[in-house]
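Structure at a glance
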Amino acid sequence: MLHMEETEKLLYRLTEWEQEQAAGRITQREFRSALEALPRDLRPLDWYGIEAPAPGGREDTALPEFDEKSFILSGDDVCVRKHDTRDATPPHSHNFYELIAVLDGTARNTMENREVELGRGQLFLLCPKAVHGISCSPDAVVLNVLIRASFFRASFPAVFGVGGVQEGLFSPPGAPGRCMLFDMGEDEETRALFLLLARESLSSRPNRRAAVNGALALLFSFLLDHGEMVEKESPKKYEAEMQEILSYLSACCADATLAGAAEQLHFSTRHIARILRETGQKSFNTLLREARVAAARRLLEETSLTVEEVAQAAGFSEGGYFIRVFRRETGTTPALYRAQYQQNHKI
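Residues numbered from 1 in each chain as written. Predicted model: local features only at pLDDT ≥ 70, side-chain atom pairs only at ≥ 80, totals over all residues. Heavy atoms only, no water.

**Some points on the overall build of the protein**
Here is the rule we go by: Labels follow the DSSP assignment, with helices taken as runs of H or I lasting at least four residues and strands as runs of E lasting at least two, numbered in each case from the N terminus. Only protein chains enter the area calculation, which uses a 1.4 Å probe; residues under 20% of their type maximum are buried, those over 50% are exposed, and those in between are partly exposed. Any two residues having at least one pair of non-hydrogen atoms within 4.5 Å are treated as being in contact. Each accessible area is a Shrake-Rupley estimate made with a 1.4 Å probe; only the visible protein chains count as cover when residues are assessed.
Regarding its fold elements, the protein presents 13 helices and 11 strands. A total of 347 residues make up the protein; the buried ones form 47% of that total. Within the protein, counting contacts between residues at least 6 apart in sequence, those at least 24 apart form 71% of the total. Surface exposure of the protein reaches about 17100 Å², of which carbon and sulfur atoms provide 50%.

**Quick look at the pairing of strand 10 (residues 179-183)**
Note the cut-off: We call two strands paired when DSSP finds no fewer than two bridges between them.
Burial within strand 10 is extensive, with 5 of its 5 residues counted as buried. Both faces of strand 10 are covered, namely the face carrying Cys179, Leu181 and Asp183 and the face carrying Met180 and Phe182. Pairing of strand 7 (residues 122-126) with strand 10 involves 5 bridges; the strand directions are antiparallel. The residue bridging Leu126 from the neighbouring strand is Cys179, located in strand 10.

**Concerning the state of the cysteines**
For clarity, the cut-off: Criterion for a disulfide: a pair of cysteine sulfur atoms within 2.5 Å.
Within this structure, the stated rule accounts for 0 disulfides. With no disulfide of its own, Cys253 lies closest to Cys252 among cysteine sulfurs, the gap being 8.2 Å. The class of Cys253 is buried, set by a relative accessible area of 6%.

**Remarks on the layout of surface pockets**
Put simply, the rule reads: Buriedness of a pocket was judged along seven lines, with at least five required to meet protein on both sides within 12 Å; pockets are open sets of points on a 1 Å grid over the protein atoms alone, cavities are sets where a 1.4 Å probe fits but cannot get out, and lining residues have an atom within 4 Å of a point. Grid points are joined across faces, edges and corners, and a volume is the space filled by probe spheres set on the points. Here the term charged refers only to Asp, Glu, Lys and Arg, the term nonpolar to Ala, Val, Leu, Ile, Met, Phe, Trp, Tyr, Cys and Pro, and the term polar to all other amino acids, Gly among them.
Each pocket or cavity is described by its volume, and for the largest pocket that value is around 1200 Å³. Every residue lining the largest pocket is counted, 32 residues in all, and those nearest its centre are Glu16, Asp139, Arg289, Tyr321 and Arg328. Secondary-structure elements contributing two or more residues to the lining of the largest pocket are helix 1 (2-22), helix 10 (284-302) and helix 12 (319-330). Classifying every residue of the lining of the largest pocket gives 6 nonpolar, 11 polar and 15 charged.

**Regarding the pattern of salt bridges**
Quick reminder of the rule: Here, a salt bridge means any side-chain nitrogen of Lys or Arg that lies within 4 Å of a carboxyl oxygen of Asp or Glu.
With the rule as written, the count across this model stands at 13 salt bridges. A salt bridge links Glu6 to Arg199, with the nearest nitrogen and oxygen atoms 2.9 Å apart. Residue Glu6 is located in helix 1, and its partner Arg199 is located in helix 5 (residues 188-202); the two are separated by 193 residues in the primary sequence. Arg199 sits in the buried class, given a relative accessible area of 9%. Put simply, Arg191 and Glu8 hold a salt bridge, and the shortest N to O gap is 2.7 Å. Placement of Arg191 in helix 5 and of Glu8 in helix 1 is noted, with a sequence separation of 183 residues between them.

**Focus on unusual backbone geometry**
Positive phi is not limited to glycine here, since Lys129 has a value of about 80 degrees. On the secondary structure map, Lys129 appears in the loop between strand 7 and strand 8 (132-136). Given the relative accessible area of 53%, Lys129 is considered exposed. Despite not being glycine, His266 has its phi angle at roughly 65 degrees, a positive value. With respect to the element layout, His266 can be found in the loop between helix 8 (258-265) and helix 9 (269-278).

**As for the packing of helix 7 (residues 239-252) against helix 10**
Helix-helix packing: each pair is described by the crossing angle between the helix axes and the interaxial distance. Here is the rule we go by: To get an axis, a line is fitted to the C-alpha atoms, and for a helix only the part in contact is used. The angle between two axes follows their N-to-C directions and goes from 0 to 180 degrees. For this classification, under 35 degrees means roughly parallel, over 145 means roughly antiparallel, 65 to 115 means roughly perpendicular, and everything else is oblique. Here a crossing is taken to be left-handed if its near helix is turned anticlockwise relative to the far helix by less than a right angle, and right-handed if that turn runs clockwise.
At their nearest, the axes of helix 7 and helix 10 sit 9 Å apart, and the two run at 45 degrees to each other. Relative to helix 10, the element helix 7 lies oblique. Note that helix 7 runs across helix 10; the crossing there is right-handed. Facing helix 7, whose interface residues are Met242, Leu246, Tyr248, Leu249 and Ser250, helix 10 presents Phe284, Leu287, Leu288, Ala291 and Arg298. Split into classes, the residues belonging to the contact of helix 7 with helix 10 amount to 8 nonpolar, 1 polar and 1 charged.

Written out as structure tokens, the structure is:
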């Protein structure tokens, strides 16, 4: 469990560094130095093309097809990478299976000029030859699991019936082509399996390959037992329910939780995830953070509470974390925000 928490923190830290570099606050050299300073068993250099084998066997065409040899190391069956939030991958195809897992934020998968919006807890399985492109929100934590085609077909015929079921199984509404879209909501077991895959992909242990393959087999079995196949709905269908969620966050941001929202609004957590996805919203955690920052701004403007007291009243765990989040969201510190507000309004 400790390793899983460590891996989860690493994924969020990488997203922060990607956005710092994209905004010009750190250089590419500093970004690389930060990666190289990580402990050896948590150093994802190859995720960013550092010390990775040079891609080969690909032609520079308008619509490239990526070869598994360029990504999956010889002797391995699976490659796990964090998707770089700075990059929007243009349309392409590949000769391997790809499982896209959104652990936080959102990802937009484009297939044949149609877009499939993926939210927190959603998984998208693409078969070989499917043409797609992908981009992520700045706060996204997305894992790409690349699976050698021969290994997939040999290992999981009973799971997905490859070659034995109608092709329609891979084509839910709203997602043309050979693909499957699952919604696992806030299921902690699924999340833990993806964190295990990420952790083992960074490991150099002799049994790393067996651990990765075993976790993948368990994940696929779990998906078919507990995963929900997603069908796209009209965004207007959820407008009223979305407003209920936003009202809840505004009124209860100090101690709001996903489980609390589900209980108060009489929704399941999975249904809330679907509402957010279908209405094009951010993740629940992102909306909650924004609601807390908005509440903090009001308290700074209207009360004489200290910064620490404002943090507590708005629902932040401690002052230092509140200051960091507030600066990231508003571009200034709470103290400077209050001073500027008072100056502008001659208070």
